[in-house]
Amino acid sequence: MQLRANVKQKNPFIFFKWAQRLDGTIDGGTISSDSSRVHVHALRDRCDLIVIGGNTVRHDRPTLDARLVNGKAPDVLIYSHNDDFDRTIPLFDVLNRKVFVESSLERIRQYSLVMIEGGPGMLEASRKVTDWYLSYVAPKIGGGTLQLGSVTEDFEVMNAKITDNIILWMKKKDKVIC
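Residues numbered from 1 in each chain as written. Predicted model: local features only at pLDDT ≥ 70, side-chain atom pairs only at ≥ 80, totals over all residues. Heavy atoms only, no water.

J.: Describe the nonpolar core, listing the residues and the values that go with them.
T.: The biggest cluster of nonpolar side chains holds 21 residues, and the ones touching the most others in it are Val51, Ile108, Val114 and Ile116. Secondary structure elements with two or more residues in this core: β1 (13–21), β2 (49–53), β5 (113–117), α3 (120–125), β6 (132–138) and β8 (166–172). It is β1 that provides the largest number of residues to this core, a total of three residues. If you look at the next biggest cluster of nonpolar residues, it comprises 15 residues, including Cys47, Met115, Trp132 and Leu134. (Core = buried A, V, L, I, M, F, W, Y, C linked by side-chain atoms within 4.5 Å. Buried < 20%, exposed > 50% of the residue type's maximum accessible area, 1.4 Å probe, protein only. Helix = DSSP H or I, 4+ residues; strand = E, 2+ residues; numbered from the N terminus.)

J.: Run through the pairing of β5, naming residues and quoting values.
T.: Counting buried positions along β5 gives five out of five residues, so the element sits mostly inside the fold. Burial along β5 is two-sided: the face carrying Leu113, Met115 and Glu117 and the face carrying Val114 and Ile116 are both buried. Relative to β5, β1 runs parallel, the two sharing five bridges. Following the sheet pairing, Lys17 is matched in β5 by Glu117. (Pairing = 2+ DSSP bridges.)

J.: Give me the lowdown on the side chain of Arg97, citing residues and values where you can.
T.: Note on placement: Arg97 falls in the loop between β3 (75–79) and β4 (99–102). Although Arg97 is buried, it forms no salt bridge, and the closest oppositely charged side chain is Asp75 at an N-O distance of 6.3 Å. A polar atom in the side chain of Arg97 sits 2.8 Å from the backbone oxygen of Leu64. The contact partners of Arg97, leaving out residues within four places of it in the chain, are Thr63, Leu64, Asp65, Ala73, Pro74, Asp75, Val76 and Leu91. (Lys, Arg positive; Asp, Glu negative; His and termini not counted. Salt bridge = Lys/Arg side-chain N within 4 Å of Asp/Glu carboxyl O. Polar contact = N/O pair within 3.5 Å; in protein donor to acceptor, adjacent residues only side chain to side chain. Contact = heavy atoms within 4.5 Å.)

J.: Explain unusual backbone geometry to me, using residue names and the numbers behind them.
T.: The phi torsion at Leu64 lies on the positive side, around 55°, for a residue other than glycine. Inspection of the secondary structure puts Leu64 in the loop between α2 (54–60) and β3. By relative accessible area, which is 6% here, Leu64 ends up buried. Even without a glycine there, the phi angle at Asn96 is positive, about 60°.

Next up, the structure:
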């Protein structure tokens, strides 16, 4: 499935992305395959903004660029109530991109195509603004302890692809996209 920002679209298209193992765990190192990571980098190249939580920045120390496809790095919104970040983390050093640290998600309305990456906290915080969900399910068990949590959603699968991971594009069953 290809994503393109629609210039006629009045609101941004916002999707939430996560990777998990068959046991539902989302932590403990690299989860998805090399081809799935390339796919994520290709999506980042198309996005205008990536949203992540402050704990992801503090613990994972990400770059959040599109280096695997030699693409552009989108702007980053760190959703956090505390601005206590180590500014030597790679994501603060990427050329030609802005990094915002804010305690609201209002900034996403200024962008056309937004990817939210995260765990249970970001999933909960972004429920009201997310249009679609993208999950990479790796054929692995074990290696982590954290799951997406107690959020209850019923999804409709819009597209499924099986490679060396299962890639699912979904939306909430009650969400209507125009």
